[in-house]
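# An overview of the molecular structure
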Amino acid sequence: MKRYSALALLKAGLTGQRGWEQAWRDPEPKKSYDIIIIGGGGHGLATAYYLAKVHGLRNIAVLEKGWIGGGNTGRNTTIVRSNYRQKPLHDLFDFALDLWEGMSDALNFNVMFSPRGALFLGHSDGDMTVLAQRGDALRCDGIDADLLTRAQVQKLVPLLDMAPDARFPIHGGLIQRRGGTARHDAVAWGYARAADALGVDVIQKCEVTGFAMTGGRVSGVATTRGPIAAGRVGICVAGNSGPVAAFAGLQLPIEAQTLQAFVTEPVKPMIDTVIMSQSLHCYISQSDKGGIVLGGDPDQFPSYAQRGLPPRIEKAAAEAIALVPALSRLRMVRCWAGTTDMSFDGSPILSALPVDGLYLNGGWCYGGFKATPASGWCYAHVLATGDNHPLAAPFAFDRFVRGATIDEAGVGVLPQLR
């Protein structure tokens, strides 16, 4: 792999942009691999990269039915943070945040990570109590979290409606200053390029249609490009986890739901942090192109459609305008949706499945993008060794049988919260 650098960019500019290498190969599938990863999104590609980089494995394939990053990786709102209250969650996501901070250098690809801060707003005394509890839990584990007064929030985001009679009055907030955003498609491209350079086969337009079974063990996959044998197979397909697992006769504690977002026309910088809310499922940030990116609740019924319903857009827009009235002057230019994998306790599954040789990385709900590097690191560990990484141990598939669920929304929440 030819390294990207300022010198290489200057040289290419002087030679008419000739001489750039293809970012990754377009290989034909081999007859067999040691490990096959189903799904060419951020999580699948990160897993392949860390299998090669950390564990020294090379005979690996990533199978993607469409194009790299064409699923949820390219359809999210790019928010990166680790400020969860539950210890298993904030430990995992803070490890991810550590990896985000060095990702561009590690991959030799600019993922445009921008630690602009992630601010949760509180709209009542009850909200502020919950935010204070969350901040205490984070600081006890050495994770940054600052509780802000109303005046501090107003200074940080002057465009917020701070009037006492506002629809959603603001009492204060909790900010994680290391949080922020990253460029979603660049993450997929960066991991694909780096994994390919280490010998991983990234195979697009190769849909998995079934599993080959030998003695009750998964021994390969059937695909639209022919059968491929494998020592181990990892499912990493977000909202399609259920249908793929069903090929092996498994029913997962996961429901697919549509989650949509939209972006406005580009404007000059007006919001320089990520804005979220303790009581509202509304999140606002400004992209590097200038568009205001907004998102809200999932549609909350089973669906595999990559398009959402107008009422969700209307609700998210109304809440965003109530928080930042200046947004009412902007035009929406594009909306899109992804298919989220909603687990029954709202936390991911990272472990082996009851069928030997088959593993699952799924159930991330609407928080998968921010976990991408840690998810890949931990999933690579279990695929390489057969044992769960310590950070992923709480997220084993059998926790639902053991009653060891990890329900972030059920810890110290108010009745109106999800």
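Residues numbered from 1 in each chain as written. Predicted model: local features only at pLDDT ≥ 70, side-chain atom pairs only at ≥ 80, totals over all residues. Heavy atoms only, no water.

Naming follows an unreviewed UniProt entry, where the protein chain appears as Sarcosine oxidase subunit beta of Sphingomonas echinoides. The protein chain has a UniProt comment under Sequence similarities (unreviewed entry) that states "Belongs to the SoxB family." In the Subcellular location (unreviewed entry) part of its UniProt record, the protein chain is described as follows: "Cytoplasm". (UniProt positions renumbered as here; feature names shortened; annotations may be inferred.)

Below, the discussion takes up the packing of helix α3 (residues 87–107) against helix α6 (residues 184–197). Put simply, α3 and α6 touch, their axes get as near as 10 Å, and they point 45° apart. With respect to α6, the axis of α3 lies oblique. Relative to α6, the crossing made by α3 is left-handed. Across the interface between the two elements, W100, M103 and L107 of α3 pack against V187, G190, Y191, R193 and A194 of α6. Here the residues of the contact of α3 with α6 are counted per class, giving six nonpolar, one polar and one charged. (Axes fitted to C-alpha atoms, helices over the stretch in contact; angles between N-to-C directions. Helix = DSSP H or I, 4+ residues; strand = E, 2+ residues; numbered from the N terminus. Parallel < 35°, antiparallel > 145°, perpendicular 65-115°, else oblique. Left-handed = near helix turned anticlockwise from the far one by under 90°. Contact = heavy atoms within 4.5 Å. Nonpolar A, V, L, I, M, F, W, Y, C, P; charged D, E, K, R; others polar.)

Time to look at the domain arrangement of the protein chain. Once the domains are mapped, the protein chain shows domain 1 (27–82 + 84–109 + 184–253 + 345–417) and domain 2 (118–180 + 256–341). Once you take the C-alpha centre of each, domain 1 and domain 2 turn out to be 27 Å apart. On the side of domain 2, 37 residues touch domain 1, which itself brings 34 residues to the contact. For the pair domain 1 and domain 2, the summed buried area comes to about 2700 Å², and 53% of that belongs to carbon and sulfur atoms. Here domain 1 and domain 2 share four salt bridges between them. A salt bridge links D98 to R178, with the shortest nitrogen-to-oxygen separation between them at 3.0 Å. Looking at the side of domain 1 that touches domain 2, the elements with two or more residues in it are β3 (79–80), α3 and α7 (241–246). Looking at the side of domain 1 that touches domain 2 element by element, the count peaks at seven residues for α3. In terms of residue class, the side of domain 1 that touches domain 2 is built from 11 nonpolar, 15 polar and eight charged. (Domains from an automatic or database assignment. Buried area = accessible area lost by both parts, 1.4 Å probe. Salt bridge = Lys/Arg side-chain N within 4 Å of Asp/Glu carboxyl O.)

So, on to the UniProt feature "domain: Rhodanese" (unreviewed entry) in the protein chain. Per the UniProt record, "domain: Rhodanese" (unreviewed entry) is annotated on residues 35–79. Along residues 35–79 the backbone is 27% helical and 20% strand, and the end-to-end C-alpha distance reaches 30 Å.

Inspection of the entire model under this criterion finds 19 salt bridges. The salt bridge partner of E101 is R178, with a shortest N-O separation of 3.1 Å. On the criterion of sequence distance, the pair formed by E101 in helix α3 and R178 in the loop between β6 (172–176) and β7 (180–181) is long-range, its members being 77 residues apart. Judged by relative accessible area, E101 falls into the partly exposed class, the value being 44%. (Buried < 20%, exposed > 50% of the residue type's maximum accessible area, 1.4 Å probe, protein only.)

Next up on the list: the side chain of R134. Position of R134 among the secondary structure elements: in helix α4 (residues 125–140). Summary of buried charges: R134 has no salt-bridge partner, and the nearest side chain of opposite charge, E408, is 4.6 Å away. One polar contact links R134 to Q278, side chain to side chain, over a distance of 3.4 Å. Setting aside residues up to four positions removed in sequence, R134 forms contacts with R81, N83, Y84, R85, F120, L174 and Q278. (Lys, Arg positive; Asp, Glu negative; His and termini not counted. Polar contact = N/O pair within 3.5 Å; in protein donor to acceptor, adjacent residues only side chain to side chain.)

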